[in-house]
Amino acid sequence: MSTTGRPLSPHIQIYKPQITSVLSILHRVTGGFLCLGAVVFAWWVITLSLGPEPFAVVRSALGSWIGRLLLFAWTFSFFFHLCNGIRHLFWDAGIGFELRTAHASGKAVVAASIAMTIAAFGLAYAM
Amino acid sequence: MRYRTALSVVRGAGAAKDGTRHWWAQRLTAIALVPLGVGFVVMMIALLGADYDGARAAFAHPVAAALWILFTVALFHHAQLGLQVIVEDYVHSLGLKVAGIIAVKFAAMALGAACIVSIIRVSAGS
């Protein structure tokens, strides 16, 4: 990304990934991925007002194996973005910046996201 | 003697000169999306086996339709605020950056409008 053509010091290749930095970029990545999910949500809602045939297309697309895989990815992305987002809101209030607290809350976010995703998918398959 | 109000002195200060409104809107929509988003996931799980009429029925009650609309507005507003920041961070050419931000905002508004109209139509029963 060097626009001047001058050499850049390596940073991503050198700096050891931390739970803070990894969760930060994951928050952005899940946010962007959820935007794609928002488009699919729009498609679903709009077909509900168009008629049973367009709606059936959406349903079969989401029910296919690739549809279910995407839904799983969106479910995890949603729960991660939600839990990490709440972590962010605490930071906005000035709470939790101590390094040990930030590390602990990060691990809690990952654990909660995985648990909620499994719970949601378990519930979905039980229905 | 200074002839400027204190507010006019402070406005635009700081490197970015702007961003408080964006910051607050992002937090406000985020807070709204905690209950609305979880409610959305619950609804989608509940509607998994639903056919066309069953899914439409979830929008029938006016309070339900209102909540779907609130979710839609909060979702697309939060999304375009976030995408705006992504464009600002990774697109370096000024022309492409501005075009990208406009595209993101217009797409969010278009999709949001289409969703709201659809929700109202489904709720009203047409």
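These lines cover the structure that appears in this document, whether it is placed above or below. Counting restarts for each chain: residues are numbered from 1 in the order of the written sequence. To read the labels, note that chains go from A and ligands from 1, taken in the order they are written. Owing to the predicted nature of the model, reporting of local features is limited to residues with pLDDT of at least 70; listing and counting of side-chain atom pairs is limited to 80 or more, with chain, interface and lining totals taken over all residues. For side-chain calculations, the full set of non-hydrogen atoms in the structure is used, while hydrogens and water are omitted.

**Here's the deal with the overall build of chain A**
Right, so step 1: Note on conventions: DSSP H or I runs of at least 4 residues are helices, E runs of at least 2 residues are strands, and numbering of each starts at the N terminus. Looking only at helices and strands, one finds 4 helices and 0 strands in chain A.
Right, so step 2: For chain A, the α and β elements follow one another from N to C terminus as α-α-α-α.
Right, so step 3: Values of the radius of gyration come from C-alpha atoms, whereas the globule rule sets the reference at 2.2 Å times the count of residues to the power 0.38. Whereas a compact globule of 127 residues would reach a radius of gyration of roughly 14 Å, chain A reaches 19 Å, over 25% beyond that.
Right, so step 4: Taken over the C-alpha atoms alone, chain A extends approximately 55 × 40 × 25 Å along its principal axes.
Right, so step 5: Exposure is judged per residue with a 1.4 Å probe applied to protein chains only, and the accessible area is read against the type maximum: over 50% gives exposed, under 20% gives buried, and values in between give partly exposed. Burial statistics for chain A: of 127 residues in total, 32% are counted as buried.
Right, so step 6: In what follows, a contact means two residues having at least one pair of non-hydrogen atoms within 4.5 Å. Restricting to contacts in chain A with at least 6 residues of sequence separation, those with at least 24 account for 72%.
Right, so step 7: The Shrake-Rupley method, run with a 1.4 Å probe sphere, supplies the accessible areas, and residue values consider only the shown protein chains as cover. Surface summary for chain A: the accessible area is close to 8000 Å², and the carbon and sulfur share equals 73%.

**Quick look at the overall build of chain B**
Right, so step 1: Scanning chain B for helices and strands turns up 5 helices and 0 strands.
Right, so step 2: Its helices and strands in sequence order give chain B the pattern α-α-α-α-α, from N to C terminus.
Right, so step 3: For 126 residues, the compact-globule formula gives about 14 Å, and the C-alpha radius of gyration of chain B, at 20 Å, lies well above that figure.
Right, so step 4: C-alpha extents for chain B along the principal axes are approximately 70 × 35 × 25 Å.
Right, so step 5: Looking at chain B as a whole, 32% of its 126 residues are labelled buried.

**Overview of the interface of chain B and chain A**
Right, so step 1: Facing the 40 residues of chain B at the interface are 30 residues of chain A.
Right, so step 2: For the pairing of chain B and chain A, the buried interface totals around 2800 Å² over both sides, and the portion due to carbon and sulfur atoms is 78%.
Right, so step 3: Note on terms: buried area is the combined drop in 1.4 Å-probe accessible area of two parts once they are placed together, counting the loss on both. On the chain B side of the interface with chain A, the three residues burying the most area are I45, L48 and Y52 of chain B, jointly 20% of the side's total.
Right, so step 4: The term salt bridge refers to a pairing of a side-chain nitrogen on Lys or Arg with a carboxyl oxygen on Asp or Glu at a separation within 4 Å. Our count for the chain B to chain A interface comes out at 2 salt bridges.

**What about the pattern of salt bridges?**
Right, so step 1: Applying the stated rule across the entire model yields 2 salt bridges over all chains.
Right, so step 2: For R28 of chain A, the salt bridge is made with D89 of chain B, and the minimal N-O distance between the two is 2.6 Å. Of this pair, R28 of chain A sits in helix α1 (residues 19-50) while D89 of chain B sits in helix α4 (residues 62-90), on two different chains.
Right, so step 3: By relative accessible area, R28 of chain A is classed as partly exposed at 24%.
Right, so step 4: Note that R27 of chain B is salt-bridged to D92 of chain A, the shortest N-O span being 2.6 Å. With R27 of chain B in helix α2 (residues 20-46) and D92 of chain A in helix α3 (residues 65-92), the pair connects residues from two separate chains.
Right, so step 5: Looking at D92 of chain A, the relative accessible area reads 30%, which means it is partly exposed.

**Looking at the packing of α1 of chain A against helix α5 (residues 94-124) of chain B**
Right, so step 1: Two elements in contact, α1 of chain A and α5 of chain B, have axes whose closest approach is 8 Å; the angle formed by their N-to-C orientations is 35°. In this structure, α1 of chain A meets α5 of chain B at a crossing whose hand is left-handed. Along the contact surface, α1 of chain A presents V39, F41, A42, V45, I46, L48 and S49 of chain A, while α5 of chain B presents L111, A114, C115, S118, I119, R121 and V122 of chain B. Fitted lines through C-alpha atoms serve as axes, helices being fitted only where they are in contact, and the angles separating the N-to-C directions of these axes extend from 0 to 180 degrees. Left-handed describes a crossing whose near helix is turned anticlockwise from the far helix through less than a right angle; right-handed describes the clockwise counterpart.

**As for a nonpolar patch on the surface**
Residue and element names in this part refer to chain B.
Right, so step 1: By definition, no residue in a patch forms a salt bridge, and every one has over 30% relative accessible area; like charges are joined within 9 Å, nonpolar side chains (Val, Leu, Ile, Met, Phe, Trp, Tyr) within 5 Å. Residues L94, V98, I102, F106 and M109 make up a contiguous nonpolar surface patch of about 530 Å² in total accessible area.
Right, so step 2: Along the polypeptide, M109 turns up in helix α5.
Right, so step 3: Using a relative accessible area of 54% as the deciding quantity, one classes M109 as exposed.

**Structural notes on α5 of chain B**
Right, so step 1: By definition here, a helix of n residues has an expected span of 1.5 Å times n minus one. In this model, α5 of chain B (31 residues) spans 45 Å end to end at C-alpha, consistent with the 45 Å of a helix rising 1.5 Å per residue.
Right, so step 2: G100, I101, V104, A108, G112, C115, S118, I119 and V122 of chain B are the residues of α5 of chain B that are buried.
Right, so step 3: Those residues of α5 of chain B that are buried are in contact with α1 of chain A together with α3 (52-57) and α4 of chain B.
Right, so step 4: Immediately beyond the C-terminal end of α5 of chain B, within one or two residues, lies G125 of chain B, with a positive phi of roughly 100°.

**Structural notes on the nonpolar core**
Right, so step 1: What is meant by a nonpolar core is a set of buried Ala, Val, Leu, Ile, Met, Phe, Trp, Tyr and Cys residues, joined one to another through side-chain atoms within 4.5 Å. Membership of the largest hydrophobic core comes to 35 residues, with the highest contact counts inside it found for F41, W44 and L48 of chain A together with F59 of chain B.
Right, so step 2: Only α1, α2 (52-63), α3 and α4 (99-126) of chain A together with α2, α3, α4 and α5 of chain B provide two or more residues apiece to this core.
Right, so step 3: The residues touching L48 of chain A, leaving out its near neighbours within four places in the chain, are F55 of chain A together with Y52, A55, R56, F59 and V122 of chain B.

**Points about the environment of R2 of chain B**
Residue and element names in this part refer to chain B.
Right, so step 1: Tracing the backbone through its elements, the reader meets R2 in the segment before α1 (6-10).
Right, so step 2: The exposure class assigned to R2 is exposed, which follows from its relative accessible area of 67%.
Right, so step 3: Separated by 59 residues in the primary sequence, R2 and H61 have C-alpha atoms spaced 59 Å apart.

The values reported here are purely geometric and, on their own, carry no functional implication.
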